[in-house]
Structure formats: C-alpha cells, structure tokens
Amino acid sequence: MLMPGESTGPDDGPLMTYLRALEDLDRAFPFLSTDIHGAHRDATGRYWIECLAT
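Residues numbered from 1 in each chain as written. Predicted model: local features only at pLDDT ≥ 70, side-chain atom pairs only at ≥ 80, totals over all residues. Heavy atoms only, no water.

By the definition in use, this model includes three salt bridges. Note that D11 and R20 form a salt bridge whose closest N and O atoms lie 3.4 Å from each other. By relative accessible area, D11 is classed as exposed at 56%. R20 gets classed as partly exposed once you look at its relative accessible area, which sits at 33%. A salt bridge links D26 to R41, with the nearest nitrogen and oxygen atoms 3.2 Å apart. Remark: R41 occurs in strand β1 (residues 40-41) and D26 occurs in helix α1 (residues 14-28); sequence separation between them is 15 residues. Given the relative accessible area of 5%, D26 is considered buried. We classify R41 as partly exposed; its relative accessible area is 40%. (Salt bridge = Lys/Arg side-chain N within 4 Å of Asp/Glu carboxyl O. Buried < 20%, exposed > 50% of the residue type's maximum accessible area, 1.4 Å probe, protein only. Helix = DSSP H or I, 4+ residues; strand = E, 2+ residues; numbered from the N terminus.)

Here you go:
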C-alpha cells in the first residue's frame, strides 16, 4: 500500500517491478485478476495510478 507522499523508489526498483509483474499476470490471465487498491485499469489492461510529481 502506498501512502500519500510516499516514494515508489526507482523505476527499476522492487516496488515498480512487482507492480509490473502483477500487471503482466492480469493481462495474461484476466479471469485471475488481482485487486490493487488505488490502481485503475484502462481498456488495454494497463494499470495507472494518480500521483503528483515534485
């Protein structure tokens, strides 16, 4: 879970790698999709989250 203001770390770090792996799994097996609170899926199955860049 990410809290407001929390950093996800580098793009190739463990958190983003994990989220991309879940996204890949959900796209390959949509009937087994995971539920990630705060993450939304577009029509192609890609995840997106709302964030602020500073």
